[in-house]
Amino acid sequence: MSVFELMERRGHEQVAFCFDKASGLKAIIAIHDTTLGPALGGCRMWPYSSEEEALIDVLRLSEGMTYKNAVMGLDLGGGKSVIIGDPRRDKSEELFRAFGRFVQSLNGRYITAEDVGTSVEDMGWVRLQTRHVVGLSTSSGDPSPLTAFGVFRGMKACLREVFGSESLQGRRVAVQGVGHVGYHLVRHLVDAGAEVFAADIFEEKVKRVVDEFKVTPVAPDSIYDLDCDVFAPCALGAVINDETLPRLKCRIVAGSANNQLADKERHGDAIHERGILYAPDFVINGGGVINVADEMEPGGYNRERAYARVSTIYDKVAEVINISRREGVPTYKAADLMAEGRIARLGRLKKIYLP
Ligand code: NAD
């Protein structure tokens, strides 16, 4: 399939291929949709096995950012970039500065940030060449505590729907992955009186939450079978699949991991039919993007304001549930409708000419 055919399929506006022989930079910047504003999305560094694989990934990820930013109520479109390379071997100051110059050349149509394989330190190099980068160590910093808080708020909206009360007191919650986000989520859950079960493939991570919060450890593979109220995937994507779905005994799936549904439509329909309330990942895990976007406010980043905004993920998840009920569609579809509705409504404003 040609590049233009791929762009047409997902509705992309612009794709920039960036090459710098001296630093070894091979990057692709994809701008999906700028109806709501400049395209914001992180820069992923990954040893892709082919250029085609990198292109498909950046097109998919940038489209996802359009939906996430729209649902989060941000005046931002969707974009993403990928650098083809091994983050353990190929990083250098000149590579990220070369990338920064290409970002600058787009004159603010695309705003970058850290992502898988890149760090806030790498973005410090990018910042030397462009203003269009957020998520710096000197500003909003690590987004994980805010992402976790957003998941906690979204989970409460789900509890209210399923049990008629948003209280976590005595609720059994299984957290899969207690890394950056999972750790902070466990803290919120324990503080709110939940009975928490935690699994991680690294024993020391589980030990940390067991020692600190007195939660119950669970073997990584048994977490799907646990009799619990909420399953919170905070590790990898594709954990809701043909093998795991029949094993789930929970009433709610609400966690931070991206792309939780192995096949969005098939498993999104199946989980709905099983009567499990699924909080769409890009809605409930939007705390991180709200946090970095706050850096663009006049006057700069304000942590209190960022927390207040992340808190509204409760209302956003509640709205997804309302749309799902009203339209008779699974929640993953309701979340898409919510994003598309906002883009369509606000997009119409552009017909009013501004001198
Ligand atoms: P992280 O790498 O710090 O934590 C992930 C944890 O999951 C690690 O401790 C890892 O050992 C564990 N893990 C991996 N495979 C596992 C398995 N099979 N079973 C149990 N545990 C397993 O990552 P993070 O920053 O905490 O992010 C967690 C998820 O949330 C990721 O999917 C990420 O894309 C998503 N997310 C994170 C943020 C953020 O602000 N960090 C924002 C949005 C989405």
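Residues numbered from 1 in each chain as written. Predicted model: local features only at pLDDT ≥ 70, side-chain atom pairs only at ≥ 80, totals over all residues. Heavy atoms only, no water.

1. Describing the pattern of salt bridges
Side-chain pairing between opposite charges can occur once the charged atoms of the two side chains come close. Quick reminder of the rule: The salt bridge definition used is simple: a Lys or Arg side-chain nitrogen within 4 Å of an Asp or Glu carboxyl oxygen. Under the DSSP-based scheme used, a helix requires at least four consecutive residues in state H or I and a strand at least two consecutive residues in state E, with every element numbered from the N terminus. Burial here depends on accessible area, computed with a 1.4 Å probe over protein chains only, as a share of the maximum for the residue type. Under 20% is buried, over 50% is exposed, and the range in between is partly exposed.
According to the stated counting rule, one finds 25 salt bridges in the structure shown. Here D122 and K91 are joined by a salt bridge, their closest N and O atoms 2.6 Å apart. Here K91 lies in the loop between strand 5 (77-84) and helix 3 (93-105) and D122 lies in helix 4 (residues 120-127), a separation of 31 residues in the sequence. Relative accessible area serves as the criterion here: at 5%, D122 is assigned to the buried category. Residue D225 pairs with R247 through a salt bridge whose shortest N-O separation is 2.8 Å.

2. A closer look at the site of the ligand
Here is the rule we go by: In these notes, residues near a molecule or strand are those with any non-hydrogen atom within 4 Å of it. Whenever two N or O atoms come within 3.5 Å, that pair is a polar contact, provided that in protein one can donate a hydrogen and the other can accept it, and provided that, for residues adjacent in sequence, both atoms are side-chain atoms. Computed by Shrake-Rupley with a 1.4 Å probe, the accessible areas treat only the displayed protein chains as cover when residues are assessed. Polar here means any residue outside two lists: the nonpolar Ala, Val, Leu, Ile, Met, Phe, Trp, Tyr, Cys and Pro, and the charged Asp, Glu, Lys and Arg; Gly therefore counts as polar.
Close to the ligand lie 20 residues, the nearest being T147, H180, V181, D200 and A235. Take A235: an N or O atom from its main chain is 2.9 Å from an oxygen atom of the ligand. Against a free-state accessible area of 830 Å², the protein chains account for coverage of 76% of the ligand. Of all the secondary-structure elements, those providing two or more residues to the shell around the ligand are helix 5 (144-163) and helix 6 (180-191). Taken together, the residues of the shell around the ligand sort by class into 9 nonpolar, 9 polar and 2 charged.

3. So, unusual backbone geometry
Positive phi, normally seen in glycine, also occurs at N107, with a value near 55°. Take N107: it is sitting in the loop between helix 3 and strand 6 (110-111). Overall, N107 belongs to the exposed group, its relative accessible area being 62%.

4. Concerning a nonpolar patch on the surface
Stated formally: Patches here are clusters of residues that have more than 30% relative accessible area and form no salt bridge, with a 9 Å joining cutoff for like charges and a 5 Å cutoff for nonpolar side chains (Val, Leu, Ile, Met, Phe, Trp, Tyr).
On the surface, a cluster of nonpolar side chains totalling about 270 Å² of accessible area is made up of L346, L349 and I352. Locating L346 in the fold gives a position in helix 13 (residues 331-347).

5. Things to note about the domain arrangement of the protein
Rule in force here: Domain start and stop positions are those given by an automatic or database domain assignment.
The assigned domain composition of the protein is domain 1 (3-66 + 76-127) and domain 2 (144-286 + 314-340). Centre-to-centre separation of domain 1 and domain 2, based on C-alpha positions: 29 Å.

6. Observations regarding the pairing of strand 7 (residues 172-176)
For clarity, the threshold we go by: Note on pairing: two strands pair once DSSP finds at least 2 bridges between them. Here a crossover is taken to be right-handed if, once the strands point away from the viewer, the path from the first strand over the helix to the second is traced clockwise.
Counting buried residues along strand 7, 4 of its 5 residues qualify, which places the element largely inside the surrounding structure. Judged from the 5 bridges that link them, strand 7 and strand 8 (residues 195-199) form a sheet pairing that is parallel. Paired with Q176 across the two strands is A199, which belongs to strand 8. Regarding the hand of the β-α-β motif, the stretch spanning strand 7, helix 6 and strand 8 is right-handed. Sheet topology note: the strand 7/strand 10 (residues 230-233) ladder contains 4 bridges and is parallel.

7. Topic: helix 6
Stated precisely, the cut-off is as follows: Multiplying one less than the number of residues by 1.5 Å gives the expected span of a helix.
Here helix 6 spans 18 Å end to end across 12 residues, near enough to the 16 Å set by a 1.5 Å rise per residue. Turning to helix 6, its buried residues number three or more, namely V181, G182, Y183, H184, L185, V186, H188 and L189.

8. Examining the side chain of D33
Note the following rule: Counted charges follow a simple rule, with Lys and Arg positive, Asp and Glu negative, and His plus the chain ends left uncounted.
Turning to its location among the elements, D33 is positioned in strand 2 (residues 25-33). Although buried, D33 forms no salt bridge, and the nearest oppositely charged side chain, K350, lies 6.8 Å from it. Side-chain polar atoms of D33 contact the side chain of T35, separated by 2.6 Å.

9. Details of the nonpolar core
As a reminder of what qualifies: Among the buried residues, those of types Ala, Val, Leu, Ile, Met, Phe, Trp, Tyr and Cys that are joined through side-chain atoms within 4.5 Å form a nonpolar core.
Core analysis: the largest hydrophobic core is formed by 67 residues, its most contacted members being M155, V175, L185 and L189. In terms of domain composition, this core takes at least three residues from each of domain 1 (3-66 + 76-127) and domain 2 (144-286 + 314-340). Judged by nonpolar contacts, the second largest core, of 21 residues, contains I29, F96, A98 and V103.

10. Notes on the environment of N241
In plain terms, the rule: Contact definition: two residues touch when any of their heavy atoms are within 4.5 Å.
Inspection of the secondary structure assignment puts N241 in the loop between strand 10 and strand 11 (252-253). N241 sits 25 residues away from R266 along the chain, and the two C-alpha atoms are 9.1 Å apart. Sequence-distant contacts of N241, that is, excluding residues within four places in its chain, are made with P246, A262 and H267. In this structure the side chain of N241 is engaged in a polar contact, spanning 3.0 Å, whose partner is the backbone oxygen of A238. At a separation of 3.0 Å, a polar atom in the side chain of N241 contacts the main-chain amide nitrogen of E243.

11. Quick look at the sheet that holds strand 12 (residues 277-278)
To keep it simple, the criterion reads: Only the contacting stretch of a helix is used when fitting its axis, a line to C-alpha atoms as for every element, and angles between N-to-C directions run 0 to 180 degrees.
Here we have 6 strands laid out as an open sheet, ordered 9-8-7-10-11-12, and parallel in their pairing. Strand pairing shows two members of the sheet lacking a second neighbour, strand 9 (216-217) and strand 12, which therefore form its edges. Across the face of the sheet, helix 6 comes into contact with strand 7, strand 8 and strand 10 while running at roughly 170° to strand 7.

12. So, the packing of aromatic side chains
What counts here: Here the aromatic set is Phe, Tyr and Trp, taking the six-membered ring for Trp, and pairing holds for ring centres within 6.5 Å; pairs whose planes are under 30 degrees apart are stacked, those over 60 apart are edge-to-face, and all others are tilted. Definition used: whenever NZ (Lys) or CZ (Arg) falls within 6 Å of the ring centre and also within 35 degrees of the ring normal, the charge is taken to sit over that ring.
In the structure shown here, the tally under the stated rule is 5 aromatic pairs. Summarising the aromatic geometry, the rings of Y67 and F282 are spaced 6.3 Å apart at their centres and angled 80° between planes, so their arrangement reads as edge-to-face. Of this pair, Y67 sits in helix 2 (residues 51-71) while F282 sits in helix 9 (residues 281-284), and the two are 215 residues apart along the sequence. Summarising the burial analysis for this pair, Y67 and F282 share the class buried. In this structure, R171 is placed above the aromatic ring of F163, and the distance from its NZ or CZ to the ring centre is 3.7 Å. A cation over an aromatic ring shows up here: R208 above the ring of Y183, its NZ or CZ 3.8 Å from the ring centre.

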